[in-house]
Amino acid sequence: MSKTISLQQSVMQDVVSLMNDNAAMKKLQTFLKDLKKEKKKEADTISKEEVLYDLKEAFDELKLVKEGEISRRPVKELLNEL
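Just so it is clear, the structure is predicted and the values come from calculations on it, not from any experiment.

## What about a nonpolar patch on the surface?
A cluster of nonpolar side chains, namely Val51, Leu52, Leu55, Phe59 and Leu62, defines an oily patch on the protein surface of about 500 Å² accessible area. When you line up the elements, Phe59 lands in helix H2 (residues 22–66). Since its relative accessible area comes to 57%, Phe59 is described here as exposed.

Now the structure itself:
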């Protein structure tokens with residue numbers, strides 16, 4: 001916890017030291033916008049990976065149903081699960 005606080009304090013001190021330098025503040029602002037976009041892309045990528053994993057599981061289950069290894073579930077049961 002104290003490492004996190006120290007890191008936050010250090011970052012804030014660095015930002016404060018740039019407060020009077022408009023050019024540096026603009027660069028910092030651009031950097032922060034890019035960082036936010038990157039973080040959003042990472043979150044979207046995780047979501048896509050989860051969807052792909054879920055689809056793979058669904059197709060694997062469908063294959064098992066076709067092979068007769070597991071039985072089908074009624075649609076009402078699937079809807080109730082949602």
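## Details of the pattern of salt bridges
Enumeration according to the criterion identifies 3 salt bridges in this entry. Measuring nitrogen to oxygen at the nearest pair gives 3.5 Å for the salt bridge that ties Lys40 to Asp44. Of this pair, Lys40 and Asp44 both sit in helix H2, 4 residues apart, which is roughly one turn of that helix. The class of Lys40 is exposed, set by a relative accessible area of 53%. Taking the shortest distance from any N to any O, the salt bridge between Asp60 and Lys56 comes out at 2.9 Å. With a gap of 4 residues between them, Asp60 and Lys56 both fall in helix H2, about one helical turn apart. With a relative accessible area of 38%, Asp60 lands in the partly exposed category.

Rules and cut-offs
Residues numbered from 1 in each chain as written. Predicted model: local features only at pLDDT ≥ 70, side-chain atom pairs only at ≥ 80, totals over all residues. Heavy atoms only, no water. Patch = residues over 30% accessible without salt bridge, like charges linked within 9 Å, V, L, I, M, F, W, Y side chains within 5 Å. Areas by Shrake-Rupley, 256 points an atom, 1.4 Å probe, with all protein chains shown as cover. Salt bridge = Lys/Arg side-chain N within 4 Å of Asp/Glu carboxyl O. Helix = DSSP H or I, 4+ residues; strand = E, 2+ residues; numbered from the N terminus. Buried < 20%, exposed > 50% of the residue type's maximum accessible area, 1.4 Å probe, protein only.

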